[in-house]
Amino acid sequence: METTGPIPNHKSINLILKRAEETRARKLKTKQHRKVLYPIQLIWRGLYFINTYSYFRIFITELIGTFLLNFVADGIYTNLFKNETNLSREALLVWLIAETIAVTFVLYVDLLIFAEYFSPSFNPTISFIYFFLGIINFFEFIWSVIVQFLAAFLQVMFIYYLYDIDHFLKIPTDTTCAFRDLVSEAIGTFFLNLTVMVCIHKTIKPSGPVSFIVGGMILTLPSGMVANPSITFGRMFFGVVLGLSPWSVIFFIIAQFIGTFVAIIVSGFIMFPCITDPYRHRRINELTKRLEGIKLESSEEDFSEDNIPEQIYL
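Computed from a predicted model, the values in this text were never measured in an experiment.

A. Main features of the overall build of the chain. Across its full length, the chain holds ten helices and zero strands. The order of α-helices and β-strands along the chain, N terminus first, is α-α-α-α-α-α-α-α-α-α. Relative to its full complement of 314 residues, the chain shows a buried share of 40%. Within the chain, contacts between residues at least 6 apart in sequence are counted, and of these 74% link residues at least 24 apart. As displayed, the chain offers around 19200 Å² of accessible surface, 65% of which is attributable to carbon and sulfur atoms.

Below you can see the structure in the form of C-alpha cells.
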C-alpha cells in the first residue's frame, strides 16, 4: 500500500520522506532558475571560452583602460575651453590643476582594477618594458600597442562627438615642438618607466606610485607630462591647442622611447642582477618565509644549514 503522508512512530522514515520532498523542491527550483537565466549563462560561457585566450584579455583591458586615460587627459581641456585657442595664464593654470587631479585618480583606479587580472600598461613604452622583462611575449606586446593606438583614436572620435568641436579630424600642420619639450618628454618618460620597473622588482602594486609620479610631473614639466605615445598619437587629430603636427608626433614618440631606454639602463645599475629577472625578489621573499618556517619547526633543535631545502632557484 502506497503511503503519501507521514507514518506514525517511524521517525527515520518520516525524516527520509521529508528530505526527499526538500530535494525534489530544490531541484524544481533550480530547474526553473536555470530556465530563467539560461541566456545569461550562455553569454558567460561564451565569454569564459573566449577569455581562455590571453589576447582577448589584452584587448579588453588595454582598450578600456587606455580609452579612459586618454579621454580624461584630453577631455578636460575640451570640456573647459572647447574651441578656444588663446588662453590666459590663469586659465592654463586651472586646466593643469584639473588635469593633474583627474589623471592621477583615474590612472590609480585603472591600475588598481585591471592589475588583478592582467599586467596592464595603457602605454606603449610600458608595454615595451613588460616585453623587455619577459612579462609578455612579442605578439602580446604588438597586440597591446595596436589596441592602445586604437583606443586613442576612438577617444578622439568620442570627444569630437561629445563636445561638438569644430574642424572634425583636422590634422594641424603649423604647430611646432621646441627642443625643450622633447627633453621634457624624455625626462617624464624616464621617471615613469623607472618607477614601473622598481615596482615590478619590489612586487609593489603600481597603482599608487605610477599615478602619483604622473600627477606630479604634469604640473612640473613644460610639455605637460604626456609620456605616452598613444596620447601623443591621438593629439595629432586635434585642431585646438592640444593638437600636434605629424612631425611633432614622431619627434615626441622618439623622445619618449629614448627616455624608456635610459630608464632601462639606469634600472640595470639600481636593480642588478634583477634587471633580467623581475620576479627574483618575490622568490627571495618566499625563500625567507620557508626558512622562518623551518626555524619555528626546529625550535627545540639548533638551526643548521642541513635543514635548508636544496635546489632553490634564486
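Picking up where we left off.
B. Spatial organisation of the UniProt feature "transmembrane region" (unreviewed entry) in the chain. Look at the UniProt record and you will see "transmembrane region" (unreviewed entry) annotated at residues 59-80, 92-115, 121-139, 146-163, 183-200, 212-238 and 250-275. Taken as a whole, residues 59-80 contains 100% helix and 0% strand, while its terminal C-alpha atoms sit 31 Å from one another. Along residues 121-139 one finds 63% helix and 0% strand; the C-alpha atoms at either end are 15 Å apart.

C. View of the packing of aromatic side chains. Taken as a whole, this structure holds 17 aromatic pairs when the rule is applied. The interplanar angle of 25° and the centroid separation of 6.0 Å between the aromatic rings of F59 and W143 together place this pair among those described as stacked. Residue F59 is found in helix α2 (residues 54-80), and its partner W143 is found in helix α5 (residues 138-163); the two are separated by 84 residues along the sequence. Judged by its relative accessible area of 25%, F59 falls in the partly exposed class. With a relative accessible area of 30%, W143 lands in the partly exposed category. Ring centres 5.0 Å apart and planes at 70° place the aromatic pair F190 and F191 in the edge-to-face group. Its relative accessible area of 33% is what places F191 among the partly exposed residues.

D. Just a nonpolar patch on the surface, in detail. A surface patch of nonpolar side chains, amounting to about 580 Å² of accessible area, comprises Y55, F138, F139, I142, W143 and I146. Looking at where Y55 falls in the secondary structure, it is placed in helix α2. We classify Y55 as partly exposed; its relative accessible area is 35%.

Calculation rules
- Residues numbered from 1 in each chain as written.
- Predicted model: local features only at pLDDT ≥ 70, side-chain atom pairs only at ≥ 80, totals over all residues.
- Heavy atoms only, no water.
- Helix = DSSP H or I, 4+ residues; strand = E, 2+ residues; numbered from the N terminus.
- Buried < 20%, exposed > 50% of the residue type's maximum accessible area, 1.4 Å probe, protein only.
- Contact = heavy atoms within 4.5 Å.
- Areas by Shrake-Rupley, 256 points an atom, 1.4 Å probe, with all protein chains shown as cover.
- UniProt positions renumbered as here; feature names shortened; annotations may be inferred.
- Phe/Tyr/Trp six-rings, centres within 6.5 Å; stacked < 30°, edge-to-face > 60°.
- Patch = residues over 30% accessible without salt bridge, like charges linked within 9 Å, V, L, I, M, F, W, Y side chains within 5 Å.
- Salt bridge = Lys/Arg side-chain N within 4 Å of Asp/Glu carboxyl O.

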